[in-house]
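# An overview of the molecular structure
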Amino acid sequence: MTKINNTNLHDKQTLETDICIIGAGISGQIVASKIEKKKIILIDSGSVKYNANTQELNKFESSGHKFRPNHINRMRQLGGSANLWANQLMFLEKLEIEDRDWIDKNLSWPIDYKELESNYKEGLENVFDNKIYDFYNQNKKKNDSKIFNESFFINNNISFKNHIWPSKVEKFDNKSKFTKKLLKKKNIFFLENSTLIKINIDNESQLIKNIELRSTDKTINIKSKIFVLACGAIENARIILNNLKNNRILENDNLGRYLMDHPRLNLGILNSKKKLPLSVFFGHKFSNFDFRKSISLSHSLQKEMKLLSSHVYIDPFFGEKNDELFEEFLNDLKGIIKLKSLPKFKFRGIGFRKLIEQIYFKLPPQVSSSILNNLIRLIISNKKYHLSFLNMKINYQGEQKPNYDSKITLSNKKDKFDQNISDIDWKFDKIDHDGYLEFTKIIKNIFKDNPNFTFEENINKEITDASHHSGTTRMSISKNDGVVDKNLKFHTLKNLFISGNSVFRTIGSGNPGLTNIALSNRLGKYINNL
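To start, this report covers the structure provided alongside it. Position labels on residues start from 1 in each chain and follow its written sequence. Given that this is a predicted model, residues contribute local features only at a pLDDT of at least 70 and side-chain atom pairs are listed and counted only at 80 or more, while totals for whole chains, interfaces and linings are drawn from all residues. Side-chain figures throughout are based on the complete set of non-hydrogen atoms in the structure, without hydrogens or water.

## With respect to the packing of helix 10 (residues 352-362) against helix 11 (residues 370-380)
Our working rule: Fitted lines through C-alpha atoms give the axes, limited to the stretch in contact for helices. The angle between two N-to-C directions lies from 0 to 180 degrees. Here a helix means four or more residues in a row that DSSP labels H or I, a strand means two or more in a row labelled E, and each is numbered from the N terminus. With respect to orientation, any angle under 35 degrees is reported as roughly parallel, any angle over 145 as roughly antiparallel, any angle of 65 to 115 as roughly perpendicular, and every other angle as oblique. Definitions for this section: a left-handed crossing has its near helix turned counterclockwise from the far helix by less than a right angle. A right-handed crossing has that turn clockwise. Whether two residues are in contact is decided by their heavy atoms, any of which lying within 4.5 Å being enough. For this classification, the nonpolar set comprises Ala, Val, Leu, Ile, Met, Phe, Trp, Tyr, Cys and Pro, the charged set comprises Asp, Glu, Lys and Arg, and every other residue, Gly included, is treated as polar.
Remark: helix 10 packs on helix 11, axes separated minimally by 10 Å, with the N-to-C direction vectors making an angle of 120°. Relative to helix 11, helix 10 is oriented oblique. Here helix 10 and helix 11 pass one another in a crossing that is left-handed. The residues of helix 11 that touch helix 10, namely those facing Ile356, Ile359, Tyr360 and Phe361, are Leu372, Asn373, Ile376, Arg377 and Ile380. Here the residues of the contact of helix 10 with helix 11 are counted per class, giving seven nonpolar, one polar and one charged.

## Quick word on the packing of aromatic side chains
What counts here: Between the rings of Phe, Tyr and Trp (Trp by its six-membered ring), a pair exists once the centres lie within 6.5 Å; its type follows the angle of the planes, with under 30 degrees stacked, over 60 edge-to-face, and the other angles tilted. Burial classification: accessible surface area is computed with a 1.4 Å probe over protein chains only, and a residue below 20% of its type maximum counts as buried, one above 50% as exposed, and the rest as partly exposed. Geometrically, a lysine NZ or arginine CZ counts as sitting over a ring once it is within 6 Å of the ring centre and also within 35 degrees of the ring normal.
According to the stated counting rule, one finds 18 aromatic pairs in the structure shown. The interplanar angle of 85° and the centroid separation of 6.1 Å between the aromatic rings of tyrosine 396 and phenylalanine 439 together place this pair among those described as edge-to-face. Taken as a pair, tyrosine 396 in strand 14 (residues 391-398) and phenylalanine 439 in helix 12 (residues 430-446) lie far apart in primary sequence, 43 residues in all. Using a relative accessible area of 0% as the deciding quantity, one classes phenylalanine 439 as buried. Through successive ring pairs, a cluster of aromatic residues spans Phe282, Phe318, Tyr360, Phe361 and Phe389. Looking at lysine 285, its charged tip hangs above the ring of tyrosine 360, at a distance of 5.2 Å from the centre. Stacked on the ring of tyrosine 258, the Lys or Arg arginine 474 has its end atom at 3.7 Å from the ring centre.

## Quick look at the environment of glutamate 96
Relative to the helices and strands, glutamate 96 resides in the loop between strand 4 (60-62) and helix 2 (113-127). Along the chain, glutamate 96 and phenylalanine 291 lie 195 residues apart, while their C-alpha atoms are 22 Å from each other. In this view, glutamate 96 contacts Lys161, Ser309, Glu399, Thr506, Gly508 and Ser509; residues no more than four positions away in its chain are not counted.

## A few points about the side chain of serine 388
Our working rule: Polar contact is defined as a pair of N or O atoms within 3.5 Å, subject to the rule that within protein one atom must be able to donate a hydrogen and the other to accept it, and that residues adjacent in sequence are counted only when both atoms are side-chain atoms.
With respect to the helices and strands, serine 388 occurs in the loop between helix 11 and strand 14. When its relative accessible area of 15% is taken as the criterion, serine 388 is described as buried. Polar contacts involving the side chain of serine 388 include one to the side chain of glutamate 357, which spans 2.7 Å.

## Some remarks on the packing of helix 2 against helix 13 (residues 513-528)
Packed helices, taken two at a time, are described by the angle between their axes plus the distance between the axes. Running from amino to carboxyl end, helix 2 crosses helix 13 at an angle of 95°, the nearest separation of the two axes being 8 Å. As judged from the angle between their axes, helix 2 and helix 13 are roughly perpendicular. Listed contacts from helix 13 to Glu115, Leu116, Asn119, Tyr120, Glu122, Gly123, Leu124, Asn126 and Val127 of helix 2 are Leu514, Thr515, Ile517, Ala518, Leu519, Asn521, Arg522 and Lys525. Here the residues of the contact of helix 2 with helix 13 are counted per class, giving eight nonpolar, five polar and four charged.

## Let's talk about the environment of arginine 505
Within the element layout of this structure, arginine 505 appears in the loop between strand 18 (496-498) and helix 13. On the basis of relative accessible area, arginine 505 is assigned to the buried category, the value being 2%. Between the C-alpha atom of arginine 505 and that of tyrosine 258, which follows or precedes it by 247 residues, the distance is 8.2 Å. Sequence-distant contacts of arginine 505, defined by excluding residues within four places in its chain, comprise Asn106, Leu107, Ser108, Trp109, Pro110, Met260, Pro402, Arg474, Met475, Ser476 and Asp481. Here asparagine 106 takes part through its backbone oxygen, which lies 3.0 Å from a polar atom of the side chain of arginine 505.

## Quick word on the pattern of salt bridges
Proximity of charged atoms lets side chains of opposite charge pair with each other. The test is simple: Only one rule defines a salt bridge in this text: a Lys or Arg side-chain nitrogen within 4 Å of an Asp or Glu carboxyl oxygen.
On inspection of all chains with the given rule, the structure shows 29 salt bridges. Between lysine 161 and glutamate 96 there is a salt bridge whose closest N-O contact spans 3.2 Å. With lysine 161 in strand 5 (residues 158-166) and glutamate 96 in the loop between strand 4 and helix 2, the pair connects residues that are 65 residues apart, well separated along the chain. Like glutamate 96, lysine 161 is buried. Aspartate 418 serves as the salt-bridge partner of lysine 414, at 3.5 Å between the closest nitrogen and oxygen.

Written out as structure tokens, the structure is:
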């Protein structure tokens, strides 16, 4: 991949290419990786390295349910928001992309699950390792916890979801194994610090003629046979909405609608009456992969109780005081890494045993060591070892029903390039709340009179988003029901495709990263064959 030096371009210069991909994050890079023998210009509003000033373009207003403040959950940089991603990989279940009569008869994706499944496998092999898919299948039925058996495995209403993390986190930045490989491709050219501000369309031919990009001091025009928008669910919608006034052909009643995310909240604390061994519910961290199970509701129970998909994690809780001490420990580590201070490790305050366990359970994959984690696992998985904590948080993550009134619109405020910023109106239906309320009742019932555990419900439940923005340009069979077709082509244009979470019709309850990879893999192959 050749980097186009923005400073060498003159104002209003025109570049020509076969494929123009706007957005150099996960989706844009994977689409590019599947295209051969065609010139590609890959564009990003950010640069190869992080620039704080560029992130100001992510600012938004919020008129609906509270979203995380401003722009801390998205990133404009090579790799996009993958720079913040822990690489948790989950498969959508077949049920989650099909019509469910008890929820809605218009949920079904216009693609077959078997095709999605094959792209899951290809995507994993393309980005991570050809062994990860096999590892997942070998471990998905794993059960190693006798003490939890009596509570969960014998209950017909309970099912399980599987979660996997590669030990080497892919941020899709210039240090990423995948991106380094992409950088070597001679047909790809990378243009940084260039923000899309205008789309020029020939209405008669239904083709984009060119797009206009803006940097600090100049405008660049791009002519291309095919354009791919891969900027995330919020930005994809914002770009098209900002271009409606000059291009009536872009008008679509579904544009920016059906905004989805995963409602997250704490249901309560599970208290054990005796020390516990390491369990797959807490997570097993191997040298190559991390694997964990969460608890979900059976499909039959979802149907019976008219519920969406959801799952809960059992997260070790060491107490608020220990959490504070561990946070101090992490700050000491950061000081050492930045060579700004000497360590002040307070082992006596936190306890060495608890410190080791918290390193294992609480450090995110982005900063933890797979070698150290595997070593700790070998120690704490010993039959004679019992974990130091007795309390566990039951943390919920639920599917959100597609909701026409949950949407991205434009604020009257504008960014430095005179583009209206997004107004995020995140809204829920009653069924979105039913999920965690019913799950709480089920957990309470499971642990009522349980000889090993007691459950304390969290009375002050507060929903937060998971930064899994999805659904604002959803796929559909016709323009009346969505924005792009089954091949992710914009319904009323011949040469515009949209990629990423924004095309999801449903979100399921699992993290969307792997499904984004699978759909981007599929789109790249499709464009390559045009």
